[in-house]
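Here are the chains, one letter per residue:
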Amino acid sequence: MQFGPTGQPVNLGREQRFFTTAQRAALAARDDGCGWVDCDKPASWTEAHHIEHWVDEHGNTDLAVGILLCYFHHMLLHNNGWHIDRHGDTYWLVPPGDIDPNQTPIQLRSVNLLQHTTRP
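Residues numbered from 1 in each chain as written. Predicted model: local features only at pLDDT ≥ 70, side-chain atom pairs only at ≥ 80, totals over all residues. Heavy atoms only, no water.

### What about helix α1 (residues 21-31)?
Looking at α1, one finds that the buried residues are Q23, A26, L27, R30 and D31. Burial along α1 is one-sided: seen end-on, the buried residues are contained in an arc of 115°. Exposed and oriented more than 90 degrees from the buried face of α1 are T21 and A22. Buried residues belonging to α1 abut β1 (46-50), β2 (66-70) and β4 (90-94). Residue D32 follows α1 closely and has a positive phi angle near 65°. (Buried < 20%, exposed > 50% of the residue type's maximum accessible area, 1.4 Å probe, protein only. Helix = DSSP H or I, 4+ residues; strand = E, 2+ residues; numbered from the N terminus. Arc of directions from axis to C-beta. Contact = heavy atoms within 4.5 Å.)

### Examining the environment of D100
Mapped onto the elements of the fold, D100 is located in the loop between β4 and β5 (106-107). Residue D100 is classed as buried on the basis of its relative accessible area, which comes to 17%. Looking at D100, its side chain comes within polar contact range of the main-chain nitrogen of N102, at 3.0 Å. (Polar contact = N/O pair within 3.5 Å; in protein donor to acceptor, adjacent residues only side chain to side chain.)

### Some remarks on the pairing of β4
Within a regular beta strand, the side chains point alternately toward one face of the sheet and then the other, so they alternate between its two faces. Sheet topology note: the strand β3 (residues 83-87)/β4 ladder contains five bridges and is antiparallel. Counterpart to D85 in the pairing with β4 is W92. What sits between β3 and β4 in their antiparallel hairpin is a turn of two residues, with G88 showing a positive phi close to 65°. Direction of pairing for β4 relative to β5: antiparallel, over a ladder of two bridges. Residue pairing in the sheet places L93 in a bridge with I106 of β5. (Pairing = 2+ DSSP bridges.)

### Some points on the confidence of the model for the chain
Taken over all residues, the pLDDT of the chain has a mean of 79, while the share at 70 or more is 72%. Contacts of residues 116-120 to residues separated by more than four positions or lying in other chains number 14 contacts, the stretch itself having pLDDT below 50. (pLDDT = per-residue confidence, 0-100.)

### Notes on the sheet that holds β5
Ordered by their spatial adjacency, three strands build an open sheet running β3-β4-β5, and the pairing between neighbours is antiparallel. The open sheet has two edge strands, β3 and β5, and neither has a second partner.

### Quick look at the nonpolar core
Core analysis: the largest hydrophobic core is formed by 13 residues, its most contacted members being W36, I67, L69, L77, I84 and L93. Counting residues per element, the ones that place at least two in this core are β2 and β4. With three residues, the top contributor of residues to this core is β2. F19, A26, L27 and A48 belong to the second largest nonpolar core, which has seven residues in total. (Core = buried A, V, L, I, M, F, W, Y, C linked by side-chain atoms within 4.5 Å.)

### With respect to helix α2 (residues 71-79)
Along α2, the residues classified as buried are H73, H74 and L77. An end-on view of α2 places all buried positions within 105° of arc, on one side of the element. α2 presents Y71, F72 and N79 as exposed residues on the side facing more than 90 degrees away from its buried surface. Structurally, α2 contributes buried residues whose contacts are with β1, β2, β3 and β4.

### A short note on the state of the cysteines
Per the counting criterion, the structure on display carries zero disulfides. Of the cysteine sulfurs around C39, a residue in no disulfide, the closest is that of C34, at 3.7 Å. A relative accessible area of 10% means that C39 is categorised as buried. Residue C70 stays outside any disulfide, its sulfur separated by 3.9 Å from that of C34, the closest cysteine. (Disulfide = S-S within 2.5 Å.)

Rendered as structure tokens:
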């Protein structure tokens, strides 16, 4: 597997919607489990989420715009107005307006291999 200069795995494009087994393995190596704040579910209990939605936003099935979420948090995100933004190698969880009227982003733990050594 090849990594870019900041530790992100190489992107693979829009050729298919679902993350491959190899991509899931790369996400598991990078994320080490659910990316939601304070969730301790291991990678084996997670699903790959497109930060840039594949259908609605024409997002790619690239590792840099994918993140692992456990089923509960994946459904919470999709069904309750949460979303994740990415700025470089930093990922931010943005709550819906009914939970936080200011929609103040919450920084997710690092998903960068160069910064990530152990799960908090």
